[in-house]
Amino acid sequence: MIISTKRGTPQEELQKIISGFEAQGLSVTLIQGTDYNVFGLVGDTTKLDEKIVAANPWVDSVTRVAAPYKKANRLFHQEDSVIDVAGIKIGGKEKIVVIGGPCSVEGEESTIEIAKAVKAAGGSMLRGGAYKPRTSPYAFQGLGTEGILDMVKAREITGLPIVSELMSEDRIDEFEEYVDLVQIGARNMQNFQLLKAVGKMKKPVLLKRGLANTIEEWIMSAEYIMAGGNENVIFCERGIRTFEKYTRNTLDLSVIPIIKEKTHLPIIIDPSHATGNWKYVESMSLAAIAAGADGLIIEVHPDPEHAWSDGAQSLKPDRFREVIEKGRPIAQVIGRNL
Ligand code: PEP
Ligand code: MN
């Protein structure tokens, strides 16, 4: 962190600032100019809040040089982390993982049917929401435990690991028992209490980007989970809110190289929620593969017009298979496989 103090700052105020930092275990290098003084702080500055430092009336500017996250930081962990989800490896340089399934679980039979189709198409994991974060309290809220058990049944039959969204702490035991990959939805990305609780879980976590969150805020949410002891975090970009109306959200593919540069964690793309329209899912999936995503999570439904949620963005199984088939040669070109 680099701090400059205002012109004319009295010597005793400078000394107070320096001792304050030293008391926090930081070493301070002072460059004394004729008009301004500049400090360089060396040490672990993750606990320092630059806004509080700037609240000192003698401080002119504060610049953070090191990122505020440690555990997720590529600087301290050069190799890519590969996250094991019930035997399926996400991250690393080779395999790109495709997850498919309905937005909401709609019952045992339909979940099994979709799981079989996802597997036959080349998908390696099943998604399905049993607890749904709906904008309207009158919209379908999910089947709850029954939905989780429908997913479990589909896993028994197909062998596909299952991913589902956890919305509240009171369901943690259920997810720990049944779910292979715990999804934290966009709306809960900054539910810090939930993130802390998930940090104590044994299961890997799929952390979606919030509707209007910066990349740094997103990484800090991963840091919450990792700081609790659960280092198995996978990022998921699902589009952010912009002024654009032709798509449900705006897919920010630039996060792929940025997340890979700043962190060692895998990142997958959700083109379904990003576009909100099945017509755009294929091209955004192919673009995500080309850009280096470690996986895709796509909504699949055999009868999208009658889906209980998100039908407009759901692919029929045949189209889902086509996405995978078209994605294979692209993956190969960049030295990966799908
Ligand atoms: C979902 O995966 O169905 C979902 C609600 O996603 P998001 O949190 O990205 O909106
Ligand atoms: Mn959905």
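Residues numbered from 1 in each chain as written. Chains lettered and ligands numbered in written order. Predicted model: local features only at pLDDT ≥ 70, side-chain atom pairs only at ≥ 80, totals over all residues. Heavy atoms only, no water.

A. Representation of the domain arrangement of the chain within the structure. Considered domain by domain, the chain is made up of domain 1 (2-63) and domain 2 (74-333). Taking only C-alpha atoms, the centre of domain 1 and the centre of domain 2 are 43 Å apart. (Domains from an automatic or database assignment.)

B. Structural view of the packing of helix 10 (residues 278-290) against helix 11 (residues 317-333). Relative orientation of the contacting elements helix 10 and helix 11 amounts to 25 degrees, with a least axis distance of 9 Å. Judged by the angle between their axes, helix 10 and helix 11 are roughly parallel. Like other packed secondary-structure pairs, helix 10 and helix 11 cross with a definite hand, here right-handed. Contacts from W278, E282, S285, L286, I289 and A290 of helix 10 reach helix 11 at R319, E322, V323, K326, G327, I330 and A331. Classifying every residue of the contact of helix 10 with helix 11 gives seven nonpolar, two polar and four charged. (Axes fitted to C-alpha atoms, helices over the stretch in contact; angles between N-to-C directions. Helix = DSSP H or I, 4+ residues; strand = E, 2+ residues; numbered from the N terminus. Parallel < 35°, antiparallel > 145°, perpendicular 65-115°, else oblique. Left-handed = near helix turned anticlockwise from the far one by under 90°. Contact = heavy atoms within 4.5 Å. Nonpolar A, V, L, I, M, F, W, Y, C, P; charged D, E, K, R; others polar.)

C. Spatial organisation of the environment of A86. You can see A86 is positioned in the loop between strand 5 (83-85) and strand 6 (88-90). Sequence separation between A86 and M125 is 39 residues; the distance between their C-alpha atoms is 9.8 Å.

D. Seen up close, the site of ligand 1. As a structural note, the neighbourhood of ligand 1 is formed by 13 residues, with R127, A186, R187, K208 and R238 the closest of them. Take K208: an N or O atom from its side chain is 2.8 Å from an oxygen atom of ligand 1. Between ligand 1 and H273 there is a distance of 3.1 Å, counted from an oxygen atom to a side-chain nitrogen or oxygen. For ligand 1, whose unbound accessible area comes to 290 Å², protein coverage reaches 97%. Of the residues assigned to the shell around ligand 1, the class counts are three nonpolar, three polar and seven charged. (Near = heavy atom within 4 Å. Polar contact = N/O pair within 3.5 Å; in protein donor to acceptor, adjacent residues only side chain to side chain. Areas by Shrake-Rupley, 256 points an atom, 1.4 Å probe, with all protein chains shown as cover.)

E. Here's a closer look at the sheet that holds strand 4 (residues 59-63). Pairing within the open sheet is antiparallel, and its four strands lie in the order 2-3-1-4. Strands with a single pairing partner mark the edges of an open sheet, and in this sheet they are strand 2 (27-32) and strand 4. When strand polarity is set aside, the average angle formed by the axes of neighbouring strands in this sheet is 20 degrees. Both strand 1 (residues 2-5) and strand 4 contribute to a ladder of four bridges, which runs antiparallel. Across the sheet, the residue bridging to T5 is V59, located in strand 4. Helix-sheet contacts for helix 1 (residues 11-23) involve strand 1, strand 2, strand 3 (37-42) and strand 4, and the interaxial angle to strand 2 is about 155 degrees. (Pairing = 2+ DSSP bridges.)

F. Seen up close, unusual backbone geometry. With a phi close to 45 degrees, A86 is a non-glycine residue in the positive phi region. The exposed category is assigned to A86, whose relative accessible area is 54%. With phi around 55 degrees, D310 is a residue other than glycine that occupies positive phi space. Mapping D310 onto the fold places it in the loop between strand 14 (295-299) and helix 11. (Buried < 20%, exposed > 50% of the residue type's maximum accessible area, 1.4 Å probe, protein only.)

G. Structural context of the coordination of the manganese ion (ligand 2). Coordination of the manganese ion (ligand 2) by the protein involves C103 (SG), H273 (NE2), E299 (OE) and D310 (OD), with metal-donor separations of 2.0 to 2.4 Å. Written as a sequence motif, the donor residues of the manganese ion (ligand 2) are C-x169-H-x25-E-x10-D. Residue C103 is found in the loop between strand 7 (97-101) and helix 3 (108-121), and its partner D310 is found in the loop between strand 14 and helix 11; the two are separated by 207 residues along the sequence. (Donors = N, O, S within 2.8 Å, 3.2 Å for Na, K, Ca; no water.)

H. Seen up close, the nonpolar core. Ranked by internal contacts, the top residues of the largest apolar core, which has 62 residues, are L207, F235 and F320. Of all the elements, helix 7 (residues 215-227) adds the most residues to this core, at six residues. When near neighbours in sequence (up to four residues on either side) are disregarded, F235 contacts L206, L207, W218, I219, A222, I259, T263, L265, P266, I267 and I268. (Core = buried A, V, L, I, M, F, W, Y, C linked by side-chain atoms within 4.5 Å.)

I. The arrangement of the packing of aromatic side chains in detail. Applying the stated rule across the entire model yields four aromatic pairs. When the centroid spacing of 5.1 Å and the interplanar angle of 85 degrees are considered together, the rings of F140 and W308 count as edge-to-face. Of this pair, F140 sits in the loop between strand 8 (125-127) and helix 4 (145-158) while W308 sits in the loop between strand 14 and helix 11; the two residues are 168 residues apart in sequence, bridging distant segments of the chain. Take W308: its relative accessible area is 41%, and that puts it in the partly exposed class. Consider the rings of W218 and F235, whose centres lie 4.9 Å apart with planes at 70 degrees: the pair is edge-to-face. You can see W218 sitting in helix 7 and its partner F235 sitting in strand 12 (residues 233-237), a full 17 residues away along the chain. Overall, W218 belongs to the buried group, its relative accessible area being 0%. (Phe/Tyr/Trp six-rings, centres within 6.5 Å; stacked < 30°, edge-to-face > 60°.)

J. How the structure looks around the environment of T29. Position of T29 relative to the elements: it lies in strand 2. The exposure class assigned to T29 is partly exposed, which follows from its relative accessible area of 48%. The spacing of T29 and I99 is 70 residues in sequence and 51 Å in space, taken between C-alpha atoms. Other than its neighbours up to four places away in sequence, T29 contacts V38, F39 and G40.

K. Spotlight on the pattern of salt bridges. As enumerated under the stated definition, the model contains 22 salt bridges in all. In this structure, K208 engages D270 in a salt bridge whose closest nitrogen and oxygen atoms are separated by 2.7 Å. Here the residue K208 occupies a position in strand 11 (residues 205-208), and D270 occupies one in the loop between strand 13 (267-269) and helix 9 (271-275), the gap between them amounting to 62 residues. Neither residue differs from the other here; K208 and D270 are each classed as buried. Measuring nitrogen to oxygen at the nearest pair gives 3.0 Å for the salt bridge that ties R209 to E237. Here R209 is found in the loop between strand 11 and helix 7, whereas its partner E237 is found in strand 12, with 28 residues between them in sequence. Here the two residues R209 and E237 agree in accessibility, since each one is buried. Look at the salt bridges and you will find they share partners, linking R74, D80 and K93 into a network. (Salt bridge = Lys/Arg side-chain N within 4 Å of Asp/Glu carboxyl O.)

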